[in-house]
Every structure is written in C-alpha cells, then in structure tokens.
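In case you want the letters, here they are:
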Amino acid sequence: MIAVTPGEPAGIGPDLVVRLAQEPSDTPMVAVADPDLLAERAQRLGLPLHIERVEPGDAVPRAQPGHLAVLPVALRQTVTPGRLDTANAPYVLDTLRIACDACLAGTFKALVTGPVHKGVINDAGLAFTGHTEFFAERCGAEPVMMLATPGLRVALVTTHLALRDVSAAITREHLTEVIRILHRDLTSRFGIPEPRILVCGLNPHAGEGGHLGREEIEVIEPVLNELRELGWHLIGPLPADTAFVPDKLADADAVLAMYHDQGLPVLKHLGFGQAVNITLGLPIIRTSVDHGTALDLAGTDRADLGSLKAAVSMARFLTGASF
C-alpha cells in the first residue's frame, strides 16, 4: 500500500486526491486525511466518492474508481477552499507524522505527499521549513532533495535556505555526504550501476578561476577529486548556465545543483505538471508533487492531476515490488 497525504486542506490537494480516486489503479492507496474534508470536496466537484475508513494494518482491497480508503485524521477547523486557516496547521503536520511513522513501521511501502503551505504553518507558531526537512528529522536521516521528469533529474546540495546562507552551508563534509547519498540511491533505487553526475559550480562561470568566488576551488573541486578516486563519474564543477545544454545532459544520469533556484527552474520549465519530487537518503520512500497549493484553483476542478499521478507512479517504481 501507498499512503497519500493531500497537504494543505484549503488548497488543491484534496481535489487532486478525490480526482485520483476516480481513476482505475493497480496500486492500493490510503489517503491520510479527514474523510469529511474529502467527502465535501468530492461533492463540490460533483464526483462520486465512497470512503472506506481504515486503520493502520487493515487490509485494503484494490481500488475501484470512485472508492477511496482513508485513514482518518481530524481537522481542527472547517475548511473553505482557497482560504488559509492557521487552526488547521497542526492537522497538516499530523497527517505527515502519522503517514511517515506508518511507513517506518512497514505498514505502507511508500508515501506520496500533496502540497503544503509553509507560510501558514509558520504563522501558526510551528517551525516548518518543508517536507524534506520534516521527514529527515522524523527519520533521523540526512536528506537529499531530487526532482525528476522524463529526460532530467536534478538533486540539490541545499534546499530551503535564504540565498545569503547558501555558501556557508556548502561545506566539504556536507557536499561529500550529498554526493554519496545521490550516488547510492541512483544505484540502489534507480538501478543505474555507474551513475554519471554533472555538478554545478556555485558562482557564475563556476567562479572564473577564483575571480568570482573561491567556493569551487576550496570546497567543490577537492570533494569531487576525492570521490573520483573511488571510480565515480563526476563531471564539474560546471557553470550552471551551460550545465543544462543538451550535449552535456545527453550522457548524464543526474545534475547536482548547489541551491534550490539554480536547478529547479530548468527542470520545471522542461516538465512542470509531470515532475516528481523525491527525497533521497531516507529509510522510507517518499515522493511528492512538483507544485504548490494553488489556492485560487481549490474547489474548481481546474488543477492538473499530472504531477500527483506521476508521484504515485514513481513511488510504485521505487518500491521495486508489485501490489
């Protein structure tokens, strides 16, 4: 079974889960959410939805269109689509905690998450940087964020950091660990025996020989040289503005970007709506959609289902097992 958390209750996550339940599927799924929220959203969208309430460990039959197994988690406050409410921030974190713990216990084989609104969670007084960091702390693991779309995988050395903090966060120790996790998971989970990884520099022109910054000389190059001695195929550090050109990507299994907005705009331009966020380095399999809560689309049936379907498909692939 795969657990699915809809995310922000006022956003499009509940819509997408309801719509996903309308489609034929060979993957048994359980939504970790408030069943009344999903029922209300189905009614608003004019879609049939038969909800079967389950508890962890219950057997879940193969889904039929219009049917959905739900592990109940109670909302704190009634939801109006498109209207954020700090009262429901603890509910969002409850769904993530319950689903994650059930994966750690082996109840679920993988976890697929819908979009959350970080701002409203923090406005509620709850420290929350993002899914990636939340699951890493919950699992006691070092995470690596990677997004994938057909033709491109992009992993990140740093995730949700202010730009002014990025350079200090890229240490030799951290960069080494990120590359080790990326190499290991590309091999073990994606079945790539000898991954080829393109590594971006931090600065324009990869530092221009030290004239535009010394991070490449003092941190990135020494780490790459050390890991190359293991026989790993690491190319770079490359200027980020040319790392994504077709001839370089043709022989690459993944690109490692130094920070969030260095690599993800390229990937989302290529495959937005079909891309999947994958958290590497965890003892569980976790995938997610590539988009936000889209509050203006909540309850309108105009949101694109593509990324959620891709996230479920990727989660199933990464389990390496049939259902």
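(A) Representation of helix α11 (residues 260–271). Its twelve residues give α11 an end-to-end C-alpha distance of 16 Å, which sits within 8% of 16 Å, the value for a rise of 1.5 Å per residue. On its buried face, α11 is in contact with β6 (144–149), β7 (152–156), β8 (196–200), α9 (240–243) and β10 (254–257).

(B) Representation of the nonpolar core within the structure. L175, I179, F190, L256 and I278 are the most contacted members of the largest nonpolar core, which totals 94 residues. Looking at this core, the element that brings in the most residues is helix α3 (residues 89–104), giving nine residues. In this structure L256 touches A155, L156, V157, L175, V178, I179, L182, I197, L198, V199 and C200, once residues within four positions along its chain are discounted. Within the second largest apolar cluster, 16 residues are counted, among which are V154, F244, L249 and A257.

(C) Up close: the packing of α3 against helix α5 (residues 131–139). Where α3 contacts α5, the axes come no closer than 11 Å and their chain directions differ by 50°. One way to sum up the angle between α3 and α5 is to call them oblique. Considering how the two elements wind past one another, α3 and α5 form a crossing that is right-handed. Contacts between α3 and α5 involve L93, L96, R97, C100, D101 and L104 from the first element and H131, F134, F135, R138 and C139 from the second. Looking at side-chain class alone, the contact of α3 with α5 contains seven nonpolar, one polar and three charged residues.

(D) Quick look at unusual backbone geometry. Residue P237 follows G236 across a cis peptide bond; omega there is 5°. Mapped onto the elements, P237 comes out in strand β9 (residues 233–238).

(E) Region of interest: the pairing of β10. Neither face of β10 is exposed, since A254 and L256 on one face and V255 and A257 on the opposite face are all buried. Two elements, β7 and β10, share three bridges in a ladder whose sense is parallel. Within the sheet, the bridge partner assigned to L156 lies in β10 and is A257. Inspection of the sheet shows β8 paired to β10 by three bridges, in the parallel sense. From the neighbouring strand, I197 faces β10, where its bridge partner is A254.

(F) View of the environment of D58. Turning to its location among the elements, D58 is positioned in the loop between β3 (50–53) and β4 (67–72). Judged by its relative accessible area of 34%, D58 is partly exposed. Here the side chain of D58 touches E55 through a polar contact of 2.8 Å, landing on its backbone nitrogen.

(G) Summary view of helix α8 (residues 215–228). Here α8 contains 14 residues, and its C-alpha end-to-end distance of 19 Å stays within 8% of the 20 Å for a straight helix at 1.5 Å per residue. Residue E221 marks the point of greatest curvature in α8, where the axis turns by about 30°; the proline P222 follows within four residues. Every buried residue of α8 is listed here: E216, V219, I220, V223, L224 and L227. The secondary structure elements touched by the buried residues of α8 are α7 (172–188), β8 and β9.

(H) Spotlight on the side chain of S288. By secondary structure assignment, the location of S288 is in strand β12 (residues 286–288). Residue classification places S288 among the buried positions, given a relative accessible area of 4%. Among the polar contacts made by the side chain of S288, one reaches the main-chain carbonyl oxygen of T113 at a distance of 2.8 Å. A distance of 3.3 Å separates the side chain of S288 from the side chain of R286, its partner in a polar contact. Among all residues touching S288, those that are not within four sequence positions of it are T113, G114, A275, V276, N277 and A311.

(I) Structural view of the sheet that holds strand β5 (residues 110–113). The mixed open sheet is built from twelve strands, whose spatial order is β3-β4-β2-β1-β5-β12-β11-β6-β7-β10-β8-β9. Each edge of the open sheet is held by one strand with a lone partner, namely β3 and β9. On average, adjacent strands in this sheet sit at an angle of 25° to one another, irrespective of strand direction. Where strand β1 (residues 2–5) and strand β2 (residues 29–33) come together, three bridges link them in parallel fashion. Across the sheet, A3 pairs through a bridge with V30, a residue of β2. Of the strands in this sheet, β2, β3 and β4 are in contact with helix α2 (residues 35–45), which crosses β3 at around 175°.

Rules behind the numbers
Residues numbered from 1 in each chain as written. Predicted model: local features only at pLDDT ≥ 70, side-chain atom pairs only at ≥ 80, totals over all residues. Heavy atoms only, no water. Helix = DSSP H or I, 4+ residues; strand = E, 2+ residues; numbered from the N terminus. Expected span 1.5 Å × (residues − 1). Contact = heavy atoms within 4.5 Å. Core = buried A, V, L, I, M, F, W, Y, C linked by side-chain atoms within 4.5 Å. Buried < 20%, exposed > 50% of the residue type's maximum accessible area, 1.4 Å probe, protein only. Axes fitted to C-alpha atoms, helices over the stretch in contact; angles between N-to-C directions. Parallel < 35°, antiparallel > 145°, perpendicular 65-115°, else oblique. Left-handed = near helix turned anticlockwise from the far one by under 90°. Nonpolar A, V, L, I, M, F, W, Y, C, P; charged D, E, K, R; others polar. Pairing = 2+ DSSP bridges. Polar contact = N/O pair within 3.5 Å; in protein donor to acceptor, adjacent residues only side chain to side chain. Bend = angle between axes of the 7 residues up to and from the residue.

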